[in-house]
Amino acid sequence: MINLEFVINILSLGSLYAMLALGLVIIYGILKLVNFAYGELIMIGGYTLYLLTGFTPLPWLVIAFLAVIVSMCTSLLTELVAFRPVRTKSLTAMLITSFAVSTLLQNAALLIISPRARAVTLPRIFQQSIMIAGTDVPWRNILTIVVSLTMLVLLTLLLKRTVLGIALRAAADNFRMTRMLGVPANTVISSAFAISGIMAGVVSLFWIGRSASVTPTIGAPPLLVAFVATVIGGMNSLTGAVVGGFVYAIMISLLGIFLPPELLEFREAFMFIFVIVILVFRPEGLIRSKTTVERIG
Amino acid sequence: MLTLKDIHARYGAITALRGISIEVQQGELVALLGVNGAGKSTTLATVAGVMRPWQGTIHFQGEAIMGKAPEQIARLGISLVPEGRDIFPSLTVEENLRLGAYTRKERSEYRRNLDENFALFPVLKERLQQPGGTLSGGEQQQLAIARALMSSPRLLMLDEPSLGLAPALVDQIFELIARLHQRGVTILLVEQNVDRSLEIVDRAYLLNTGLIETTGTPEQLRTHADFEGIYMGDKHRSKA
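Residues numbered from 1 in each chain as written. Chains lettered and ligands numbered in written order. Predicted model: local features only at pLDDT ≥ 70, side-chain atom pairs only at ≥ 80, totals over all residues.

Asker: Kindly report on the overall build of chain A, identifying the contributing residues and their values.
Answerer: Helix and strand content of chain A: eleven helices and four strands. Each of the three principal axes of chain A carries a C-alpha extent, and together these read 60 × 45 × 35 Å. Burial status across chain A gives 45% buried among its 297 residues. (Helix = DSSP H or I, 4+ residues; strand = E, 2+ residues; numbered from the N terminus. Buried ≥ 20, exposed ≤ 12 C-beta atoms within 10 Å, placed from the backbone.)

Below you can see the structure in the form of structure tokens.
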């Protein structure tokens with residue numbers, strides 16, 4: 001049962017979930033805010049795909065690129081309009097703001113477009129597959145893996161090699177000290193929201209690529225996946241987000257294989273039992289942040 | 001260079017500063033001395049912009065800086081090495097230093113500051129690729145000072161640099177401060193180690209419960225009556 005098809009499924013699902021989780025954790029690390037409006041960025045990406053594929057003659061690659069840009073701009077806009085004014089207040093205010101933004105965006109989609117699912121025209125490659133070693137592998141999965149891994153590499157390069165990236169990681173360690181070194185708070189936070197929006201935009205391509213349709217509430221499942229993956233991996237570390245994404249993918253796939261058919265619809269429930277076990281035995285997640293291993297002496 | 005006038009500040013209901021006025025001239029090494037809770041660290045925090053006083057004025061090189069954000073104040077050339085060092089534990093030593101130079105964009109200046117730091121703190125050169133969190137306390141203090149120096153600060157503020165260090169390291173840190181002073185760096189030093197501070201500073205302010213008790217050169221302070229109590233208090237604590 002653990003064959004090539006399974007491995008490719010895990011890799012494609014895992015890398016997609018890793019991207020999802022990273023977009024959530026990059027903001028959490030700096031602001032300690034779980035952005036519940038994160039799923040709506042995926043929805044916005046989805047509707048951009050719907051509108052541009054349905055009403056413009058643009059080639060799909062350009063449309064995909066624009067969907068990512070729109071998602072990023074939405075993320076930046078929510079930060080500027082909604083989060084920035086309450087940032088210096090309490091964390092609770094931020095959290096409630098994120099619920100408000102989420103509801104607002106969902107209702108906007110409901111009012112402006114439709115409560116019903118809208119079909120998104122996908123390029124033909126999303127339905128095609130290729131024979132590898134006697135297995136039928138969907139191109140969609142291969143694309144997911146290639147694009148996700150590229151995004152992970154780009155993000156790693158940004159975080160390790162550029163001053164902005166180093167500042168982002170420093171801000172997650174100690175935001176106040178980062179500012180005292182001359183790094184503007186707004187630069188750090190806007191960058192984090194931009195990265196989060198880009199991740200959501202890229203995820204939206206493949207998330208919508210699975211269902212070929214978009215609804216106002218399409219953001220809820222990916223938000224849940226991202227949240228659970230970060231809880232598994234550890235909220236305070238980017239490595240944790242990636243690990244959490246893959247662990248989630250492996251667990252959910254294994255459950256899909258080994259659960260008896262009559263229990264299959266409770267797959268998520270079993271997943272959450274696993275999460276509860278992790279919370280009991282490793283409340284800080286699988287990957288501890290380096291901040292906790294500070295040496296004293 | 002730096003002028004604080006009648007600074008009042010409080011944490012919630014607790015008044016931390018009750019009207020502090022301080023001046024630091026270009027090139028001077030000035031210490032704020034006093035027991036725990038006297039308001040020394042709070043004073044530095046108000047200058048760095050991380051704490052907002054509710055009364056008073058702060059000028060740096062003629063410019064009013066009170067109410068500015070910490071990052072804006074850092075850009076003016078004020079650098080604070082906080083108590084507890086606040087190095088970034090998950091960043092490597094090199095990344096810590098690179099971020100210290102955030103406000104300086106010139107490559108040659110970065111190189112020069114880095115080389116100077118390696119000369120001052122050889123241990124950092126050996127540990128360049130190690131995460132800051134794995135350094136010992138003394139090494140972290142060196143890194144914190146080195147990181148501040150990467151920004152070529154006009155004013156360096158050091159908050160309890162000798163705190164928690166082994167005696168041999170304390171000597172090193174005070175020697176270093178004296179050396180930086182000789183090189184022309186303007187320094188505002190907060191210390192509980194009164195003895196050692198008075199050996200190296202030009203002037204000192206003695207703080208007590210949010211007020212300036214007295215000020216003067218080390219010679220003047222040593223003969224001051226009020227100073228005796230604080231000084232003795234400090235001695236008692238170091239014995240305990």
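Asker: Tell me about the packing of helix α2 (residues 38-55) of chain A against helix α9 (residues 220-233) of chain A, residues and numbers included.
Answerer: Residue and element names in this part refer to chain A. Running from N to C, α2 and α9 cross one another at 135°; their axes reach a closest spacing of 8 Å. Looking at the two axes, α2 sits oblique to α9. In terms of crossing hand, the pair formed by α2 and α9 is right-handed. Contacts from Tyr38, Gly39 and Ile42 in α2 reach Ala220, Pro222, Leu223 and Ala226 in α9. In terms of residue class, the contact of α2 with α9 is made up of six nonpolar, one polar and no charged. (Axes fitted to C-alpha atoms, helices over the stretch in contact; angles between N-to-C directions. Parallel < 35°, antiparallel > 145°, perpendicular 65-115°, else oblique. Left-handed = near helix turned anticlockwise from the far one by under 90°. Contact = placed C-beta atoms within 7 Å. Nonpolar A, V, L, I, M, F, W, Y, C, P; charged D, E, K, R; others polar.)

Asker: I'd like to hear about the pairing of strand β3 (residues 135-138) of chain A, residue by residue, with values.
Answerer: Across a regular strand the side chains alternate sides, sitting on one face of the sheet and then on the other. Residues and elements named next belong to chain A. Relative to β3, strand β2 (residues 129-132) runs antiparallel, the two sharing four bridges. Bridging across to β3, Met131 finds its partner in Asp136. Joining the antiparallel neighbours β2 and β3 is a turn of two residues, in which Ala133 adopts a positive phi near 50°. (Pairing = 2+ DSSP bridges.)

Asker: Before we move on, could you go through the sheet that holds strand β1 (residues 2-11) of chain B and cite the residues and values that matter?
Answerer: Residue and element names in this part refer to chain B. Overall, antiparallel pairing links the four strands, which are arranged β2-β1-β4-β5 in an open sheet. The sheet is open, and its two borders are formed by β2 (14-24) and β5 (63-64), each paired with just one other strand. When β1 meets β2, the two strands line up antiparallel, connected through eight bridges. Looking at β2, one finds that Thr3 is bridged to Glu23. Of the strands in this sheet, β1, β2 and β4 (55-60) are in contact with helix α1 (residues 40-48), which crosses β2 at around 70°.

Asker: Please set out the domain arrangement of chain B residue by residue, giving values where relevant.
Answerer: Residue and element names in this part refer to chain B. Entries for chain B in the domain assignment read domain 1 (2-77 + 154-239) and domain 2 (85-153). The straight-line distance from the C-alpha centre of domain 1 to that of domain 2 is 23 Å. Between domain 1 and domain 2, the contact holds 13 residues from the first and eight residues from the second. Mapped by element, the contributors of at least two residues to the side of domain 1 that touches domain 2 are α2 (70-75), β7 (155-159) and α7 (167-182). (Domains from an automatic or database assignment.)

Asker: Quick one: what's the story with the interface of chain A and chain B, residue by residue and with numbers?
Answerer: Between chain A and chain B, the residue contacts involve 24 residues of the former and 24 residues of the latter. The set of elements that each furnish at least two residues to the side of chain A that touches chain B consists of α6 (163-173) and α7 (175-180) of chain A. Each residue belonging to the side of chain A that touches chain B can be placed in one class, and the counts come to twelve nonpolar, five polar and seven charged.

Asker: So what's going on with helix α4 (residues 107-120) of chain B? Which residues, and what values?
Answerer: All names here are of chain B. Relative to the 20 Å expected for 14 residues at 1.5 Å per residue, α4 spans 20 Å between its end C-alpha atoms, a close match to the ideal helical length. Within the span of α4, buried status applies to Asn113, Leu114 and Asn117. The buried side chains of α4 occupy one side of the element, clustering within an arc of 100° when seen end-on. In α4, the exposed positions that point more than 90 degrees away from the buried face belong to Ser108, Arg111, Arg112, Asp115 and Ala119. (Expected span 1.5 Å × (residues − 1). Arc of directions from axis to C-beta.)

Asker: If you had to explain the nonpolar core to someone new, which residues and values would you point to?
Answerer: If you look at the biggest cluster of nonpolar residues, it comprises 148 residues, and the most contacted ones within it are A:Tyr17, A:Leu20, A:Ala21, A:Leu22, A:Val203, A:Ala229 and B:Met157. Domain assignment of the residues forming this core places at least three in each of domain 1 (2-77 + 154-239) and domain 2 (85-153) of chain B. Once residues lying within four places of it in the same chain are set aside, the contact partners of B:Met157 are B:Leu44, B:Val47, B:Ala48, B:Ile78, B:Ser79, B:Leu80, B:Val81 and B:Leu188. (Core = buried A, V, L, I, M, F, W, Y, C linked by C-beta atoms within 7 Å.)

Asker: Tell me what's going on with the packing of helix α1 (residues 4-31) of chain A against helix α5 (residues 139-161) of chain A, and back it up with residues and numbers.
Answerer: All names here are of chain A. Contact pair α1 / α5: the axes reach a minimum separation of 8 Å and the direction vectors enclose 40°. By the angle between their directions, the pair α1 and α5 is classed as oblique. Remark: the crossing between α1 and α5 carries left-handed chirality. The residues of α5 that touch α1, namely those facing Ile8, Asn9, Leu11, Ser12, Ser15, Leu16, Ala18, Met19 and Leu22, are Asn141, Thr144, Ile145, Ser148, Leu149, Met151, Leu152 and Leu155. Classifying every residue of the contact of α1 with α5 gives eleven nonpolar, six polar and no charged.

Asker: Kindly report on helix α8 (residues 185-211) of chain A, identifying the contributing residues and their values.
Answerer: Residue and element names in this part refer to chain A. For α8, built from 27 residues, the straight-helix expectation of 39 Å at 1.5 Å per residue is met to within 8% by its first-to-last C-alpha distance of 39 Å. With 19 of 27 residues buried, α8 is to be regarded as a mostly interior element. At the exit of α8 stands Ala212, carrying a positive phi of roughly 60°.

Asker: Kindly report on the confidence of the model for chain B, identifying the contributing residues and their values.
Answerer: A low pLDDT means the predicted coordinates there should not be read in detail. Summarising the model, chain B shows a mean pLDDT of 90, and 93% of its residues fall at 70 or more. Here the complex is predicted with pTM 0.90, and the ipTM for its interfaces comes to 0.90. (pLDDT = per-residue confidence, 0-100.)

Asker: Which residues make up the environment of B:Ala148, and what are the values?
Answerer: Residue and element names in this part refer to chain B. Structurally, Ala148 can be placed in helix α6 (residues 137-149). Given 23 C-beta atoms within 10 Å, Ala148 falls into the buried group. Distance from Ala148 to Asn96, taken between C-alpha atoms, is 9.8 Å for residues 52 residues apart in sequence. If we skip the residues at most four places from it in the chain, Ala148 touches Ser79, Val81, Gly100, Pro153 and Leu156.

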